[in-house]
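# Understanding the architecture of this molecule
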Amino acid sequence: MADDDRLARFIRETLRSAEQQLSDAKKAYKNGKRSAEAGLPRDEEGRARIVCRRHAEYRAVSMDEQRRPVCYDAESPDCQGCVEDIRDGTIETW
């Protein structure tokens, strides 16, 4: 029975690993596609490489469906300006 248990555990772990890899690949594809559509440079995970106005730092961020950084805060004038710059193609990138 020990061999059966080890085989079952191996299969479960391998399947879990494959599911995680697939999930990561889908996320990277989605990030890359949205960043490319916004015309932004991307990191190896497909996240947009921008300079955040609000926090004055380099950031690699995912983009939402409206091509806004997921850290976007509608109440922040800095975030509003960032999104305008992305749409205008004038956002500072790295």
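In this report, we go over the structure that sits alongside the text.

Criteria and thresholds
Residues numbered from 1 in each chain as written. Predicted model: local features only at pLDDT ≥ 70, side-chain atom pairs only at ≥ 80, totals over all residues. Heavy atoms only, no water. Helix = DSSP H or I, 4+ residues; strand = E, 2+ residues; numbered from the N terminus. Expected span 1.5 Å × (residues − 1). Buried < 20%, exposed > 50% of the residue type's maximum accessible area, 1.4 Å probe, protein only. Core = buried A, V, L, I, M, F, W, Y, C linked by side-chain atoms within 4.5 Å. Contact = heavy atoms within 4.5 Å. Phe/Tyr/Trp six-rings, centres within 6.5 Å; stacked < 30°, edge-to-face > 60°. Lys NZ or Arg CZ within 6 Å of the ring centre and 35° of its normal. Pairing = 2+ DSSP bridges. Polar contact = N/O pair within 3.5 Å; in protein donor to acceptor, adjacent residues only side chain to side chain.

### Observations concerning helix α1 (residues 2-37)
Taking 1.5 Å as the rise per residue, α1 with 36 residues should run 52 Å; its terminal C-alpha atoms sit 52 Å apart, in good agreement. For α1, the complete set of buried residues consists of Asn31, Gly32, Arg34 and Ser35. With its phi angle positive at about 75°, glycine 39 sits one or two positions after the end of α1.

### Remarks on the nonpolar core
Considering soluble globular proteins, one finds that nonpolar side chains tend to be buried as a cluster. If you look at the biggest cluster of nonpolar residues, it comprises 9 residues: Ala38, Leu40, Ala48, Ile50, Val61, Met63, Cys82, Ile86 and Ile91. At the level of elements, β1 (48-52) and α2 (77-88) are the ones that each hand at least two residues to this core. If we skip the residues at most four places from it in the chain, isoleucine 91 touches Leu40, Ile50, Val51, Cys82, Asp85 and Ile86.

### Here we look at the packing of aromatic side chains
Summed over all chains, the structure comprises 1 aromatic pair. Between tyrosine 58 and tryptophan 94 the ring centres are 5.8 Å apart and the planes differ by 65°, which places this aromatic pair in the edge-to-face class. In this pair, tyrosine 58 sits in strand β2 (residues 57-61) while tryptophan 94 sits in the segment after α2, placing the two residues 36 residues apart along the sequence. Given the relative accessible area of 58%, tyrosine 58 is considered exposed. Above the plane of the ring of tryptophan 94 lies arginine 49, whose end atom (NZ or CZ) is 4.9 Å from the centre.

### Examining α2
Each full turn of the α-helix corresponds to 3.6 residues, which orients residues three or four apart in the same direction. Taking 1.5 Å of rise per residue, the 12 residues of α2 would be expected to cover 16 Å, and the 16 Å separating its terminal C-alpha atoms lies within 8% of that figure. Within α2, burial applies to Cys79, Gly81, Cys82, Val83, Asp85 and Ile86. Its buried side turned inward, α2 meets β1. Looking one or two residues past α2, glycine 89 carries a phi angle of roughly 80°, positive in sign.

### Some words on the pairing of β2
Relative to β2, β1 runs antiparallel, the two sharing 5 bridges. Directly across from isoleucine 50, in β2, lies its bridge partner arginine 59. Connecting the antiparallel pair β1 and β2 is a turn made up of 4 residues, with alanine 56 showing a positive phi of about 50°.

### Some remarks on the side chain of arginine 59
Residue placement: arginine 59 occurs in strand β2. Among the polar contacts listed, one links the side chain of arginine 59 to the side chain of glutamate 57, at a separation of 2.7 Å. Here arginine 59 is in contact with Ala48, Arg49, Ile50, Cys52, Cys71 and Trp94, once residues within four sequence places are set aside.

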